[in-house]
Amino acid sequence: MPTHRSARSARVPLAALLALPLLLAACTGTEETGVPLRLILLTDGGSVLRAVTPSGGAAVTVTEDARESVTGGVNVSTPTGGQRVTLTRAAGTESRAADLSDPRAYPDPAYTPRCTVRAAQNAARDRLLILSDCGGVQNLAMYLNAALQWTAALPAALQPAPGSDTPPTRVAVQGDLGVVARARLGGGSEVLRAAPARTGDAVAEVSLPVAAPAIRDLATYGGQLIAATDSGIQRLTSSGVPDSTTTFSAFGNVRYDRLWSGAGGQNLLAAWRDNALSGASSEPLRLWNGQSAAAAATIENVAGLRDLTIAPDGYLYALSAGSLRRHDTLLGLQSGNWRSATLPTAINDARSVTWVVPTP
C-alpha cells in the first residue's frame, strides 16, 4: 500500500480522541463518512452565518446546507462535543445546531452596554472568554459549558491612537484565567490577568496592567499560553509577559501577527504575518507539528487571511476575505504535498470559520 494510505490512516486516532463519528478512507484520501464534517462560516462582514459540507479529494465539491442572517457577528467556534457551533455577536453569544437551527442564548453578563469585539476558547473548548469594548469601557465575561462563570471590569486604558502598526487587543483563556493584551500608551502592549479570588466568585479580580513588548496575538498551545511578538512566538510568564528565552525556534526570531492551534490532541500550531502590515503582496502561512527537531513548514503564501481552523479530518481550512482554501496537514507535513484546493463556494467579506460534525 502506498505511503499516502498510512498518512490518512493516522487520522483515525485523532477522530476517536475527539469522539467524533468520522471514518476516513485511507487509500483515496477522501472522507467516507455517514456524518461528514461540516464547516461553519461567518461572512458578509459578520451578517451571514453559513453551513457548508466539503467532500472529495483533488476535485473538492461543496454543498451549502444552511444560511442564516445574523446581527453583529464577531466569531464562530466549536464547543466541547463538536456537534454544535458557538456564535459570538457584538450583543450576545449563542450556540446553534450544525444546521444553524435551535439557537440557545448564553446568559447575558450584567454589564451594559455590550459591545463584544473578541472571543477565545481554552484548549478543551469548554470555556469561552469574551471581551466587550464600548468606546474604551472594557469588560470580560467567562463561560463554562455555556454557563456564565464570572465577569470583570477592566481598568480604563490609556491607549494610543489607532495606527497601522498599533498592537491589537487580544484575549486568551486557560482554566479559569482570562488574559488580555492591549496597546499601551508609549509603545508596546500591556497585559491584564483576570480570575476569581475564590472558586464560585461571580466577579473576577483583575491584575494591574503589566508593560510588555508588542503582542500581536495570543493562543493556547501545549498547555501553555503563547504570544506572537515582533521577535518570534514566545510563552507567557506567570505575569503574562512574553518570555524571550522561550522563543519557538521552529518559527524563527521573526514577527507573526496571527496564531492558531489545533483542537483536542492535535499538536499543530499555525502562524502568519499579516501582509497588509508588512507591505508584501502575500506572506507565508506556516505550520508546525510540535516536534523540537522540525522547523515550521510553509504551506503557501497567503494574502488577506481572516481566520483558519485545523479540523479533525486532517485538513486545515484557511479563510481569506473572498475564498476558502483546504490543505492536507498530515500529507503536507510528511512530504510537502499539501493537496491544496480552493473550495468552490462564493464568499464575501469573510470573518471566521470553524468545524462541526452533525448528529447522525
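Keep in mind the model is a prediction, meaning the values are calculated, not measured.

A short note on the pattern of salt bridges
- Per the stated rule, a full pass over the model turns up 23 salt bridges.
- The salt bridge involving Asp108 is made with Arg114; its shortest N-O contact spans 3.9 Å.
- A relative accessible area of 27% places Arg114 in the partly exposed class.
- The salt bridge partner of Arg198 is Asp201, with a shortest N-O separation of 3.4 Å.

Describing unusual backbone geometry
- The omega angle of the peptide bond from Thr112 to Pro113 is -10 degrees, so this bond is cis rather than trans.
- Residue Leu100 is not a glycine yet carries a positive backbone phi of 70 degrees.
- The backbone of Arg339 shows a phi angle near 45 degrees, a positive value even though the residue is not glycine.
- Within the fold, Arg339 resides in the loop between α4 (329–335) and β27 (341–342).
- Judged by its relative accessible area of 18%, Arg339 is buried.

Structural notes on the state of the cysteines
- Within this structure, the stated rule accounts for 1 disulfide.
- The disulfide partner of Cys115 is Cys134, and the S-S distance across this bridge is 2.0 Å. Across the disulfide from Cys115 to Cys134, rotation about the S-S bond amounts to roughly 105 degrees, and the bridge is consequently right-handed. Linking Cys115 in the loop between β7 (104–105) and β8 (116–121) with Cys134 in strand β9 (residues 127–134), this pair joins segments that are 19 residues apart in sequence.

Quick word on the sheet that holds strand β18 (residues 224–229)
- Ordered in space as β17-β18-β19, the 3 strands form an open sheet in which the pairing is antiparallel. A strand with exactly one partner marks an edge of an open sheet, and here the two such strands are β17 (215–221) and β19 (232–235). Across the sheet, the mean angle separating the axes of adjacent strands is 25 degrees when strand polarity is ignored.
- As judged from the 4 bridges shared by β18 and β19, these two strands associate in the antiparallel manner. Opposite Ile226, over in β19, you have Arg235 as the bridge partner.

As for the packing of aromatic side chains
- Taken as a whole and assessed by the stated rule, the structure comprises 7 aromatic pairs.
- Residues Tyr106 and Tyr143 carry aromatic rings whose centres are separated by 5.1 Å and whose planes lie at 65 degrees to one another, so their mutual orientation is edge-to-face. Of this pair, Tyr106 sits in the loop between β7 and β8 while Tyr143 sits in strand β10 (residues 137–144); the two residues are 37 residues apart in sequence, bridging distant segments of the chain. Judged on exposure class, the residue Tyr106 and its partner Tyr143 are both buried.

A few points about the sheet that holds strand β5 (residues 84–89)
- Across the sheet, which stays open at both edges, the 4 strands sit in the order β4-β5-β6-β7 with antiparallel pairing between neighbours. Of all the strands in the sheet, just β4 (73–77) and β7 have a single pairing partner and so form its edges.
- The pairing of strand β6 (residues 92–97) with β7 spans 2 bridges and is classified as antiparallel. Its bridge partner lying in β7, Glu94 is registered against Ala105.

Some thoughts on the side chain of Thr43
- Examined against the element boundaries, Thr43 turns out to sit in strand β1 (residues 38–43).
- Given a relative accessible area of 0%, Thr43 falls into the buried group.
- What Thr43 contacts, discounting residues up to four positions off in sequence, is Val48, Arg50, Ile347, Asn348, Asp349, Ala350 and Arg351.

Regarding the environment of Ala311
- Looking at the secondary structure, you find Ala311 in the loop between β24 (305–310) and β25 (315–320).
- When its relative accessible area of 0% is taken as the criterion, Ala311 is described as buried.
- For the pair Ala311 and Gln266, spaced 45 residues apart in sequence, the C-alpha separation works out to 9.1 Å.

What counts, and where the lines are drawn
Residues numbered from 1 in each chain as written. Predicted model: local features only at pLDDT ≥ 70, side-chain atom pairs only at ≥ 80, totals over all residues. Heavy atoms only, no water. Salt bridge = Lys/Arg side-chain N within 4 Å of Asp/Glu carboxyl O. Buried < 20%, exposed > 50% of the residue type's maximum accessible area, 1.4 Å probe, protein only. Helix = DSSP H or I, 4+ residues; strand = E, 2+ residues; numbered from the N terminus. Disulfide = S-S within 2.5 Å. Pairing = 2+ DSSP bridges. Axes fitted to C-alpha atoms, helices over the stretch in contact; angles between N-to-C directions. Phe/Tyr/Trp six-rings, centres within 6.5 Å; stacked < 30°, edge-to-face > 60°. Contact = heavy atoms within 4.5 Å.

Geometric descriptors of this kind do not, in isolation, establish any biological role.
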